[in-house]
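Examining the three-dimensional arrangement
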Amino acid sequence: MNKDKEKLRRYLTIAKGQLEGVIKMLDEDRYCLDISDQLMATRSLLKKTNNLILKNHIDHCVRKAIADGDDQKIDEVIKALKKQI
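Overview of the structure. (Residues numbered from 1 in each chain as written. Predicted model: local features only at pLDDT ≥ 70, side-chain atom pairs only at ≥ 80, totals over all residues. Heavy atoms only, no water.)

**Some thoughts on the pattern of salt bridges**
- Evaluated as defined, the whole model comprises six salt bridges.
- We note a salt bridge from D4 to K3, for which the minimum N-O separation is 3.7 Å.
- Owing to a relative accessible area of 67%, K3 belongs among the exposed residues under this scheme.
- Its salt-bridge partner being D68, residue K64 comes within 2.8 Å of it at the nearest N-O pair. Of the two residues, K64 and D68, neither departs from the other in class, the shared state being exposed.
- One salt-bridge network, in which partners are shared between bridges, spans K55, D59 and R63. (Salt bridge = Lys/Arg side-chain N within 4 Å of Asp/Glu carboxyl O. Buried < 20%, exposed > 50% of the residue type's maximum accessible area, 1.4 Å probe, protein only.)

**Details of helix α2 (residues 32-67)**
- The first and last C-alpha atoms of α2 sit 51 Å apart over 36 residues, in line with the 52 Å expected at 1.5 Å per residue.
- The sharpest bend along α2 measures roughly 35° and falls at I58.
- Tucked into the core, α2 has its buried residues touching α1 (5-27) and α3 (72-84).
- G69 lies just past α2 and shows a positive phi near 80°. (Helix = DSSP H or I, 4+ residues; strand = E, 2+ residues; numbered from the N terminus. Expected span 1.5 Å × (residues − 1). Bend = angle between axes of the 7 residues up to and from the residue. Contact = heavy atoms within 4.5 Å.)

Okay, structure coming up:
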């Protein structure tokens, strides 16, 4: 995950800024659909971030576990993917 760490940090920093913006929009009594749009953008970015984390987990941890004959990591990934549905 080290090679993607900066990208992940950037995504999360952007998401943090988006959430802070949503809070400000609420405080300013902004239009509900504008707030919803910002929340959906944040949600999309968090999903993208999570997908990258899961990809790294599969590429490294799961691949190594399979090579070592440990099938437990496969079950963990399946469980994590089910949470996304």
